[in-house]
Amino acid sequence: MFDFAKSQAPVYNGLIEKIGTPSKVSISFNDRTQRQHFEIAPCAHRQAIEWLIAKFGELGITATLDGVGHRFVHGGERFKTSTLITPELMTALKACLDLAPLHNPANYEGVELMQKALPQLPQCVVFDTAFHATLPDYAYRYALPEKYYLEHQIRRYGFHGTSHSFIAQKAGQVLAQQSLPSSGLISLHLGNGCSSCAIWDGKSVDTSMGFTPLEGLVMGTRSGDIDPGVCIYLAEKCQMTAQEMSDLLNKKSGLLGVSGVSNDLRTLLEKEQEGHRPSLLALNMFAYKVAQSVGKMMVALARLDAIIFTGGIGENSALMRARIVHHLQCFGLTLDDAANASHGKTADGLIQGPNSRAKILVIPTQEEWLIAQETAKLIGVAQPA
Ligand code: AMP
């Protein structure tokens, strides 16, 4: 929750985790002075949102709200900008549910519940795919017969749009303050989900994720790119069903699958220290694929001005950033070890070495702020100066 006119720092923020699992649902709820933690009985999204609405009532803040912004993962071909919610829009959103079966139904339920709970407020949806609506057709089409695009909307959409969009905005500001150019950027969102994005003059021109958030980089539990022939082989030789394949590629692969121990980078760095070879391999694969993706994204840009690291890994792991940039020596990209070790905090986020051919930055992502900005624009709340 933001007091939009006053500050980019949230008044309240929180996280509700383990929804829909057998475990207790874990809730962190913070104001500017203290962090509170709650646990409630295992529950679905409905009860989690009801908890949140009750908390707002208890704090007496419901009446102070001007609007609600929702993140919606997949807007398909239909939604290329953030949109105010109307009954017609709800019907159109329902038609997008199948595009992202792991995410969109939960997003939709959230919108429905918030509308029921706070019917007096305008509400908006901000699509994760929308920032990538500017990709050229040769970047977003797959080399499949056109009918699969026309009849089934099979194309590359890209995700993490709210994060890459925030990074484009923020990196532009940081570089402009130092009179540095900022037309050509590569944003690397490295968290449990990972994607890269080539940005030219503030617009996405290519990205690593595709029809689903499975394409591209090695992620916490997702495989990223693999030869589709592997799926054909597994279907034929192991009689694997589509559901089993989806579980394998989305939930059992990536860092978790290769290491056999964890999807969490911190755990793998510890295991590596103990000499655990599968963890070393997982980390090496992760770094190599990110660096490869930087090469791919460069092709979409007329010039590279800066690379930006963000997300839980990108913001916090100096070791992983160093491993990635090590593969980029052929492009003349280097790090300043001390600036990297302090996550750029001593130099406005800048961590490149003195002779690096492009700037390298660490910028914490703030997707919620981007959603708040989009919502404020749509409902007519004044932007901060
Ligand atoms: P996210 O999905 O953006 O929350 O990122 C989650 C990932 O960030 C996990 O792999 C974490 O291990 C990693 N991460 C978070 N904090 C740190 C840290 N201090 N050092 C290394 N990795 C971290």
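This is a predicted model, so every value here is computed, not measured.

**Q** Please clarify how the overall build of the protein chain should be interpreted in this entry.
**A** Of the regular secondary structure elements, the protein chain holds 15 helices and 11 strands. A compact globule built from 385 residues should have a C-alpha radius of gyration of about 21 Å, and the protein chain, at 21 Å, falls within 12% of that. When the backbone C-alpha atoms are referred to their principal axes, the protein chain occupies close to 55 × 55 × 45 Å. Of all 385 residues assigned to the protein chain, the portion counted as buried reaches 47%. A sequence separation of at least 24 residues applies to 63% of the contacts in the protein chain between residues at least 6 apart. Surface exposure of the protein chain reaches about 19,100 Å², of which carbon and sulfur atoms provide 54%.

**Q** Looking at this model, I keep getting lost on the side chain of asparagine 107. Mind explaining?
**A** Positionally, asparagine 107 belongs in helix H3 (residues 104-117). Apart from residues no more than four positions distant in its own chain, asparagine 107 is found in contact with Arg71, Phe72 and Val73.

**Q** Quick question: what am I supposed to make of the state of the cysteines here?
**A** What makes a disulfide is a covalent bond joining the sulfur atoms belonging to two cysteines. Tallied over the entire structure, the rule returns 0 disulfides. Just so you know, cysteine 96 is unpaired, no disulfide at all, and the nearest cysteine sulfur is the one on cysteine 124, 16 Å from it.

**Q** What exactly am I supposed to notice about helix H8 (residues 242-251) here?
**A** An α-helical turn contains 3.6 residues, so any two residues separated by three or four positions project in the same direction. For H8, every residue scored as buried is listed here: Met245, Leu249 and Asn250. Down the axis of H8, the buried side of the element spans an arc of 110°, and every buried residue falls inside it. Tucked inside the fold, the buried residues of H8 contact helix H7 (228-237).

**Q** Just checking my understanding: could you explain the pairing of strand S9 (residues 203-207) for this structure?
**A** The side chains of a regular strand alternate, residue by residue, between the two faces of the sheet. With 4 of 5 residues buried, S9 is to be regarded as a mostly interior element. As defined by bridge partners, strand S8 (residues 194-200) adjoins S9 across 4 bridges and the pair is classed as antiparallel. In the strand pairing of S9, alanine 198 is matched with aspartate 206. Between the end of S8 and the start of S9, which pair antiparallel, lie 2 residues, with aspartate 201 showing a positive phi angle near 50°.

**Q** Just checking my understanding: could you explain the nonpolar core for this structure?
**A** Soluble globular proteins tend to bury their nonpolar side chains together. Core analysis: the biggest nonpolar cluster contains 42 residues, and Ile186, Leu190, Phe286, Ile307, Phe309 and Ile324 have the highest contact counts within it. When residues of this core are traced back to their parent elements, those giving at least two are strand S7 (184-190), S8, helix H10 (265-273), helix H11 (277-298), strand S10 (306-310), helix H13 (318-326) and strand S11 (359-362). The leading source of residues in this core is H11, at 9 residues. Dropping the residues within four chain positions of it, isoleucine 324 is found in contact with Leu190, Ala287, Val290, Ala291 and Phe309. Formed by 21 residues, the second largest nonpolar core is a distinct cluster that contains Ile167, Val174, Leu175 and Ala306.

Rules behind the numbers
All residue numbers refer to position in the chain's written sequence, counted from 1. With the structure being a predicted model, the display of local features is reserved for residues of pLDDT at least 70 and the display and counting of side-chain atom pairs for 80 or more, all residues being used for whole-chain, interface and lining totals. Excluding hydrogens and water, the side-chain values take into account all heavy atoms of the structure. Here a strand is any run of E in DSSP of at least two residues, a helix any run of H or I of at least four, and the numbering for each starts at the N terminus. Values of the radius of gyration come from C-alpha atoms, whereas the globule rule sets the reference at 2.2 Å times the count of residues to the power 0.38. Think of it in three bands: with a 1.4 Å probe and only protein chains considered, a residue is buried below 20% of the maximum accessible area for its type, exposed above 50%, and partly exposed in between. A contact between two residues is defined here by any heavy atoms of the two lying within 4.5 Å. Residue exposure ignores everything except the shown protein chains as possible cover, and the areas themselves are Shrake-Rupley values with a 1.4 Å probe. Throughout, disulfides are identified as pairs of cysteine sulfur atoms within 2.5 Å of each other. Our arc is simply the arc of the directions from the helix axis toward the C-beta atoms. A pair of strands is treated as paired once DSSP finds two or more bridges between them. Within this scheme, the nonpolar core is defined by two criteria: the residues are buried Ala, Val, Leu, Ile, Met, Phe, Trp, Tyr or Cys, and they are joined through side-chain atoms within 4.5 Å.

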